[in-house]
Amino acid sequence: MSFSVDTLRTGTGSGGRAVVDHRLERRALINEYRRGRLRREQLCDAHPELIRAARNVGTPSKVICPICEETNLTLVTYVFGPRLPSHGRCVTTKKDLAQFAGRSEDLDAYVVEACINCRWHHLLRVLPLGGKRPRAARKLAAPDAPAAPDSSDAPAAPST
Ligand SMILES: [Zn+2]
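In this text, all values refer to a predicted model and were calculated from it rather than measured experimentally.

Colleague: What is the right way to read the nonpolar core from this model?
Modeller: For soluble globular proteins, nonpolar side chains are generally found buried alongside one another. Membership of the largest hydrophobic core comes to 29 residues, with the highest contact counts inside it found for Val-76, Tyr-110, Val-112 and Ala-114. Residue contributions to this core peak at 6 residues, all from strand β5 (residues 106-114).

Colleague: Explain unusual backbone geometry to me, please; I cannot follow it from the model alone.
Modeller: Glycine aside, residues mostly have negative phi, and peptide bonds are mostly found in the trans state. The backbone phi angle of Arg-83 is positive, close to 65 degrees, even though this residue is not glycine. Mapping Arg-83 onto the fold places it in the loop between β3 (72-80) and β4 (89-91). Residue Arg-83 is classed as exposed on the basis of its C-beta count, with 7 C-beta atoms lying within 10 Å. A positive phi angle, near 75 degrees, is found at Arg-119, a position not held by glycine.

Colleague: What should I look at first to understand the environment of Val-19 in this one?
Modeller: Relative to the helices and strands, Val-19 is located in the loop between α1 (5-8) and β1 (20-21). Residue class for Val-19 comes out partly exposed when judged on the 13 C-beta atoms lying within 10 Å of it. Sequence separation between Val-19 and Leu-127 is 108 residues; the distance between their C-alpha atoms is 4.7 Å.

Colleague: How should the pairing of strand β6 (residues 121-130) be read in this particular structure?
Modeller: Regular strands have side chains that alternate between both faces of the sheet. Counted residue by residue, β6 has 9 buried out of 10 residues, so it is predominantly covered. Bridge analysis of β1 against β6 gives 2 bridges, and the strand direction is antiparallel. Within β6, the residue paired with Asp-21 across the bridge is Arg-125. Two strands pair when backbone bridges link them, and β5 and β6 are joined in this way by 9 bridges, in the antiparallel orientation. Each residue of the ladder has a partner; that of Leu-107, found in β6, is Leu-129. With antiparallel pairing between neighbouring strands as the criterion, β5 and β6 make up a hairpin whose turn holds 6 residues, including Arg-119 at a positive phi of roughly 75 degrees.

Rules used in this analysis
- Residues numbered from 1 in each chain as written.
- Predicted model: local features only at pLDDT ≥ 70, side-chain atom pairs only at ≥ 80, totals over all residues.
- Core = buried A, V, L, I, M, F, W, Y, C linked by C-beta atoms within 7 Å.
- Buried ≥ 20, exposed ≤ 12 C-beta atoms within 10 Å, placed from the backbone.
- Helix = DSSP H or I, 4+ residues; strand = E, 2+ residues; numbered from the N terminus.
- Pairing = 2+ DSSP bridges.

In structure tokens form, the structure reads like this:
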């Protein structure tokens, strides 16, 4: 399996430009695991590339892995969009993120948590990024799209 945006999607994908939060889905998966309805290998199958990124450039979190309960989770952010590699661009600093936020293309930042111990991984949030076009042009391009507040263009550092 090659590394792509689908590698990170652990549930049903969702279009649109709104922030997509996957925490409920995460809880459901963990519950299923604790009830014995999901096996560990069904949940802990992170792509080697994701584990490598988590180990090298990930942001350590204070959250203990819900599956192995041995290691703290690491957060990794990938940006996908036009003119970016199909496997996305791993964002390691706030400066990188700010640069992407200033782009004119519509980009998506995928915040993924991963456990480098058991390889649990879950897509936490998808945040819209970039899209700094003139407002008029944007309206013409997508008349039905709900207007996103400008403040959502720069995702805050993951706090979980
Ligand atoms: Zn783990």
